[in-house]
Amino acid sequence: MIIKTLDKEEILQATARIQTQHDTTMGLGVLFESETYTPWLADKRSEIDFYYWERYEKLLQKKMSEDVVLKIDTITDKILDHLEDPRKDGMWERRGLVVGHVQSGKTANYIGVISKAADAGYKVIIVLGGLLNSLRNQTQKRIDSDFFGFCTKEKKEIGVAFLGNGKIRRPISLTTATEDFKKATADRVQIDLNSHNEPEVLALKKNV
């Protein structure tokens, strides 16, 4: 018999995984609406292909209870509705803040928002993943698995890539699990958003 000794980090990860699968609940939270908020999602829902959300939802169903997945679906719908319709004419801006306790499902929530925002038509999505390279890299790895479906470090399909019902779509990643965004990347890519059908996603550190 081979017995492996786990370090503290591995024990914490295993504990968190067990708790997520067997002892996780989620409330719907409290929402403060802007006076200028105008609902739009209900009217446009039939026009949106929820490709990214539907495969992410399948991934969540493998990890979490049906009740928690349903609440994430409901909450992310509300957040997307308050973001604004990305195809709205003219100049506009929306700002908001989502706050949650430690281990309250914030990452699962924001990847759900990213997925639905991409489906709705948002072209550029920026995720600020901590002040350190290690935190940014960790954020990128989660996005790779749960949104891209592609490991930007090892260059292979992972996570949601196997849950897309045969469809093959992939967002454009301008950062990787080992490399933050750099000026050289911008110069090389020469981004033309109108020429891309899929969203551009960047995971950056929280500094200027």
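Scroll up to find the structure.
On a predicted model such as this, the values are computed, not experimentally measured, just so you know.

Caption draft 1: Summary view of the pairing of strand β5 (residues 200-204). For β5, the buried fraction is high: 5 of the 5 residues fall into the buried class. Where burial is concerned, the two faces of β5 agree: the one with Glu200, Leu202 and Leu204 and the one with Val201 and Ala203 are both buried. As defined by bridge partners, strand β1 (residues 124-128) adjoins β5 across 5 bridges and the pair is classed as parallel. Looking at the pairing, Ile125 lines up with Val201 of β5. Sheet analysis places strand β4 (residues 172-173) next to β5, joined by 2 bridges and oriented parallel. Note that in β5 the partner of Ser173 across the bridge is Val201.

Caption draft 2: Quick look at the pattern of salt bridges. Under the criterion given, the structure shown has 14 salt bridges. Close ionic contact of Asp146 with Lys63 constitutes a salt bridge, the shortest N to O distance being 3.8 Å. Separated by 83 residues along the polypeptide, Asp146 in helix α6 (residues 133-148) and Lys63 in helix α3 (residues 51-63) bring together distant segments of the chain. One salt bridge connects Arg142 with Asp146, and the closest N-O pair in it is separated by 2.7 Å.

Caption draft 3: Quick look at α6. Within the sequence span of α6, burial applies to Arg136, Asn137, Thr139, Gln140, Ile143, Asp144, Ser145, Asp146, Phe147 and Phe148. The inward-facing, buried residues of α6 contact α3, α5 (106-120), β1, β2 (150-151), β4 and β5. Positive phi appears at Gly149, one or two residues downstream of α6, with a value of about 75°.

Caption draft 4: View of the environment of Arg87. Within the secondary structure layout, Arg87 lies in the loop between α4 (66-83) and α5. Distance in space between the C-alpha atoms of Arg87 and Gly121 is 7.0 Å, their sequence separation being 34 residues. Setting aside residues up to four positions removed in sequence, Arg87 forms contacts with Ala120 and Gly121. A distance of 3.5 Å separates a polar side-chain atom of Arg87 from the backbone oxygen of Ala120.

Rules of the game
Residues numbered from 1 in each chain as written. Predicted model: local features only at pLDDT ≥ 70, side-chain atom pairs only at ≥ 80, totals over all residues. Heavy atoms only, no water. Buried < 20%, exposed > 50% of the residue type's maximum accessible area, 1.4 Å probe, protein only. Helix = DSSP H or I, 4+ residues; strand = E, 2+ residues; numbered from the N terminus. Pairing = 2+ DSSP bridges. Salt bridge = Lys/Arg side-chain N within 4 Å of Asp/Glu carboxyl O. Contact = heavy atoms within 4.5 Å. Polar contact = N/O pair within 3.5 Å; in protein donor to acceptor, adjacent residues only side chain to side chain.

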